[in-house]
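Notes for the structure review
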Amino acid sequence: MKLDPFYLIVDSTEWIARLVPLGVKLVQLRIKDKETAELRTEIRTAKAICAKHGCQLIVNDYWQLAIEQGCDFVHLGQEDLEAADLGAIRAAGLKLGLSTHDDAELETALAAKPDYIALGPIYPTILKQMKWSPQGPERLRLWKSRVGDLPLVAIGGLNVDRIEGVFSQGADSAAVVTDITLNPDPETRTRQWLAATAPWRSVEMPLGR
Ligand SMILES: Cc1ncc(COP(=O)(O)OP(=O)(O)O)c(N)n1
Ligand SMILES: Cc1nc(C(=O)O)sc1CCOP(=O)(O)O
Ligand SMILES: [Mg+2]
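Residues numbered from 1 in each chain as written. Chains lettered and ligands numbered in written order. Predicted model: local features only at pLDDT ≥ 70, side-chain atom pairs only at ≥ 80, totals over all residues.

The protein is annotated in an unreviewed UniProt entry as Thiamine-phosphate synthase from Rhizobium altiplani. Its UniProt record gives the protein a comment under Pathway (unreviewed entry), which states: "Cofactor biosynthesis; thiamine diphosphate biosynthesis; thiamine phosphate from 4-amino-2-methyl-5-diphosphomethylpyrimidine and 4-methyl-5-(2-phosphoethyl)-thiazole: step 1/1." (UniProt positions renumbered as here; feature names shortened; annotations may be inferred.)

Below you can see the structure in the form of structure tokens.
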């Protein structure tokens, strides 16, 4: 499986409606602190927008709602994974992305046979408090050697200027929140991300890229 090299993460369908039509092909809906009914509506709406624009939607955390709404991809962290029913996720045909932050988490994640592995935080992030120090882009190379053919997602503190650095270390996709959502002009920033990740979007990548 291949992931688009530009992995946008947003916290509402408003953002999805605003940015996905610009050409985004991979988006995560990451909502915290909303009631189930509202989450259900958000997921349903996000799914419809993404389907219209040929964008892969990944639902963060809420795997039961993702199943209920007929989604096809979820992202779980390690604590989410502990509480999740992997059998139900697989039986529903969902693909699964997993977070990792250290060796033990990578081992746990690989045992769950995910469809991609994320490593973070690559750089300091202002989105949320994290107990891990920034990994640095070099750590992606070690992770890539361990995940083999599984797509590797870099996350945490990424911006347009840091894209080349994560792909040169072996990342297959670069995930981003605040460089876009806190930008004074999120549409222009999204277009910059699309352009900057274009070299990694081609079907066949030259060796060593
Ligand atoms: C692509 C990607 N990588 C990591 C995360 C973080 O997941 P998690 O550790 O479960 O933390 P929350 O995002 O749920 O706060 C992610 N969402 N996406
Ligand atoms: C949600 C999330 N998870 C991370 C991890 O390391 O698992 S870092 C992160 C925040 C990403 O936001 P930004 O691009 O604004 O730094
Ligand atoms: Mg989570």
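This next bit is on unusual backbone geometry. Residue Pro121 follows Gly120 across a cis peptide bond; omega there is -10 degrees. Assignment of secondary structure puts Pro121 in the loop between strand E6 (116-119) and helix H7 (139-147). Located in the positive-phi region is Asp61, a residue other than glycine, with phi close to 70 degrees. As for its placement among the helices and strands, Asp61 is situated in the loop between strand E3 (56-60) and helix H3 (63-68). Its identity as a non-glycine residue notwithstanding, Lys113 has a phi of 55 degrees, on the positive side. One can find Lys113 in the loop between helix H6 (103-111) and E6. (Helix = DSSP H or I, 4+ residues; strand = E, 2+ residues; numbered from the N terminus.)

Ranked by size, the top nonpolar core spans 57 residues in total, and within it Leu8, Val27, Ile117, Val153, Ala154, Ala174 and Ala175 carry the most contacts. Broken down by element, the residue count for this core peaks at 5 residues, all from strand E1 (residues 6-10). The contacts of Val153, once residues within four sequence positions are left out, are Leu3, Tyr7, Gly97, Tyr116, Ala118, Ala171, Ser173 and Ala175. (Core = buried A, V, L, I, M, F, W, Y, C linked by C-beta atoms within 7 Å. Buried ≥ 20, exposed ≤ 12 C-beta atoms within 10 Å, placed from the backbone. Contact = placed C-beta atoms within 7 Å.)

Those residues carrying the UniProt feature "binding site: 4-amino-2-methyl-5-(diphosphooxymethyl)pyrimidine" (unreviewed entry) are Gln28, Leu29, Arg30, Ile31, Lys32, Asn60, Ser99 and Lys128 in this numbering. Take Leu29: there are 27 C-beta atoms within 10 Å of it, and that puts it in the buried class. Each residue touching Leu29, except ones within four places of it in the same chain, is listed here: Val10, Ile16, Glu42, Ile43, Ala46, Leu57, Val59 and Asn60. With respect to the helices and strands, Arg30 occurs in the loop between strand E2 (26-29) and helix H2 (36-52). Leaving out residues up to four positions away in the same chain, Arg30 has contacts with Ile9, Asp11 and Asn60.

The environment of ligand 2 is made up of 15 residues, and the closest members are Gly120, Thr125, Gly156, Val177 and Thr178. Considering only residue class, the shell around ligand 2 consists of 6 nonpolar, 7 polar and 2 charged. (Near = placed C-beta within 6 Å. Nonpolar A, V, L, I, M, F, W, Y, C, P; charged D, E, K, R; others polar.)

Moving on, we get to the site of ligand 1. Around ligand 1 sit 15 residues in total, of which Gly77, Ser99, Ala118, Ile155 and Ala175 are the nearest. Put simply, the parts of the chain that give the shell around ligand 1 at least two residues each are strand E5 (95-100) and strand E7 (152-155). A class-by-class count of the residues in the shell around ligand 1 yields 4 nonpolar, 7 polar and 4 charged.

This part takes up the pairing of E1. Among the 5 residues in E1, 5 count as buried, and that is most of the element. Note that E1 and strand E8 (residues 173-176) share 3 bridges and pair parallel. Across the sheet, the residue bridging to Leu8 is Val176, located in E8. Bridging between E1 and E2 involves 3 bridges; their strand directions are parallel. By the bridge assignment, Leu8 is partnered in E2 with Val27. Crossover connection from E1 via helix H1 (residues 13-19) to parallel E2: handedness right-handed. (Pairing = 2+ DSSP bridges. Right-handed = clockwise from strand over helix to strand, strands pointing away.)

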